[in-house]
Amino acid sequence: MMRAGLSLMAALLSVGTASAQSDDFGIWTEVNVEKKLSNRLTLEGGAELRTRDDGFGELDRWSVGAGLSYKLTDWLKASLSYSLLDDHIHKVNSSGKKYADYWGLRHRFNVQLTASHDFGRLGVSLRERWQYTYRPEKTVDRYWNYTDEEDDRYEGALADEHTYRGKGSNKWRNRLQLKYKLSKQWRPYISAESTVGGSGLDKMRYTAGTEWRLTKQHIFDLHYLYQHSYKDDDEEGNRHVLGIGYTFKF
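This one's a predicted model, so the numbers in the text were calculated from it and none came from an experiment. (Residues numbered from 1 in each chain as written. Predicted model: local features only at pLDDT ≥ 70, side-chain atom pairs only at ≥ 80, totals over all residues. Heavy atoms only, no water.)

Draft legend 1. Spotlight on the overall build of the protein chain. For the protein chain, the helix and strand inventory stands at 1 helix and 13 strands. Going from N to C terminus, the protein chain has its helices and strands arranged as α-β-β-β-β-β-β-β-β-β-β-β-β-β. Counting only residues that meet the buried cut, the protein chain has 37% of its 250 residues in that class. Expressed as a percentage of contacts within the protein chain between residues at least 6 apart in sequence, the contacts between residues at least 24 apart total 52%. (Helix = DSSP H or I, 4+ residues; strand = E, 2+ residues; numbered from the N terminus. Buried < 20%, exposed > 50% of the residue type's maximum accessible area, 1.4 Å probe, protein only. Contact = heavy atoms within 4.5 Å.)

Draft legend 2. Highlighting the pattern of salt bridges. Under the counting rule described, the total for this entry stands at 15 salt bridges. One salt bridge in this structure joins Glu48 and Arg50, with 3.2 Å as the shortest N-O distance. The two residues Glu48 and Arg50 agree in class, both being buried. Measuring nitrogen to oxygen at the nearest pair gives 2.8 Å for the salt bridge that ties Glu58 to Arg52. On the basis of relative accessibility, which here comes to 29%, the residue Glu58 falls in the partly exposed class. Of the residues examined, Arg52 reaches a relative accessible area of 13% and is grouped as buried. Residues joined in a network through salt bridges with shared partners are Asp24, Arg52, Glu58, Asp60 and Arg239. (Salt bridge = Lys/Arg side-chain N within 4 Å of Asp/Glu carboxyl O.)

Draft legend 3. Region of interest: the side chain of Thr207. Tracing the backbone through its elements, the reader meets Thr207 in strand β11 (residues 200-213). The contacts of Thr207, once residues within four sequence positions are left out, are Tyr189, Ile190, Ser191, His223, Tyr224 and Leu225.

Draft legend 4. View of the pairing of β11. Where strand β10 (residues 186-197) meets β11, 12 bridges bridge the pair, whose relative direction is antiparallel. Paired with Tyr189 across the strands is Gly209, a residue of β11. Hairpin geometry of β10 and β11 is characterised by an intervening segment of 2 residues between the two adjacent antiparallel strands. The turn linking β11 back onto strand β12 (residues 218-229) is made up of 4 residues. (Pairing = 2+ DSSP bridges.)

Draft legend 5. Molecular detail of a positive patch on the surface. A surface patch of positive charge is lined by Lys36, Arg40, Lys71 and Lys77. Counting through the fold element by element, Arg40 comes out in the loop between β1 (24-36) and β2 (41-52). (Patch = residues over 30% accessible without salt bridge, like charges linked within 9 Å, V, L, I, M, F, W, Y side chains within 5 Å. Areas by Shrake-Rupley, 256 points an atom, 1.4 Å probe, with all protein chains shown as cover. Lys, Arg positive; Asp, Glu negative; His and termini not counted. Charge placed at Lys NZ, Arg CZ, Asp CG, Glu CD.)

Draft legend 6. Main features of the environment of Gly198. Assignment of secondary structure puts Gly198 in the loop between β10 and β11. You can call Gly198 exposed: its relative accessible area is 87%. Distance from Gly198 to Ser169, taken between C-alpha atoms, is 8.6 Å for residues 29 residues apart in sequence.

Draft legend 7. Broad picture of the packing of aromatic side chains. This model, assessed by the stated rule, comprises 8 aromatic pairs. On the numbers, 6.4 Å between centres and 20° between planes, the contact of Trp130 with Tyr132 is stacked. Overall, Trp130 belongs to the partly exposed group, its relative accessible area being 33%. Among the aromatic side chains, those forming a connected cluster through ring pairs are Trp186, Trp212, Phe220 and Tyr246. (Phe/Tyr/Trp six-rings, centres within 6.5 Å; stacked < 30°, edge-to-face > 60°.)

Draft legend 8. Molecular detail of the environment of Glu34. Mapped onto the elements, Glu34 comes out in strand β1. Residue classification places Glu34 among the partly exposed positions, given a relative accessible area of 24%. Between the C-alpha atoms of Glu34 and Phe248, which are 214 residues apart in sequence, the distance is 6.3 Å. Those residues within four positions of Glu34 in sequence are excluded, and the remaining contacts are Thr42, Leu43, Glu44, Thr247, Phe248, Lys249 and Phe250.

Draft legend 9. Region of interest: the confidence of the model for the protein chain. Confidence in the prediction for the protein chain averages 87 pLDDT; 83% of positions are at 70 or higher. Across residues 1-21, confidence stays below pLDDT 50; counting only partners more than four residues off in sequence or on other chains, it has 23 contacts. (pLDDT = per-residue confidence, 0-100.)

Draft legend 10. Examining the environment of Phe220 more closely. As for its position among the elements, Phe220 is in strand β12. Separated by 10 residues in sequence, Phe220 and Thr210 place their C-alpha atoms 8.5 Å apart. Discounting chain neighbours no more than four positions away, the residues touching Phe220 are Thr210, Glu211, Trp212, Leu214, Gly245 and Tyr246.

Draft legend 11. Region of the structure containing a nonpolar patch on the surface. On the surface, Leu80, Val111, Trp130, Trp172, Val196, Leu201, Tyr206 and Tyr230 cluster together into a nonpolar patch covering about 720 Å² of accessible area. Assessed through its relative accessible area of 36%, Leu201 is described here as partly exposed.

Below is the structure:
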């Protein structure tokens, strides 16, 4: 089983690296903790770090969050969560002559329902999530985006200050996942997730990976994710992602 896991890791790395030639490639890592407060109620917390541009090029985002999950029935779970996100943002104005490169905070709230059922070793789950994100107002320095080295404004000469107004956005996310209990330790899975905004479908995410349950308390996750954006102004764009995660349950 260990050999199979290492082979999967090598395959995911090679696919991600090859695909990154046309779209962005990043590595997303996360650490989570879960505390069972009762038979139905669970407290959850976690932190995530993302990179972009050939994986190790630059930091893209870090985030921390916490939430509660309550098991309504044997097959239905409700969850509430909050996350603080700090994003590395690059914006260019409409004329293309000025750009801003800065870090910006966002506040994100999630409310979701997850229905699941096991068909023998195969587990099927459907997650419906309402997501609200608010980006506070921020004033940053904008720079000239000229390529003429003789121009005084070339590469980084201070141009002016610009204020990006605070704004909120609502999204509806739907994820269908199939997970197979291969053994006590290994649980490979695939999933598809859509994100819908006010103007329709924003993006799709397709994931293939596996869980490695070392013990009941220590769970590792390795997956490959492809994200396709349907909006030209989407800040994330198309991405190939190698995901690595760890969860501690107590």
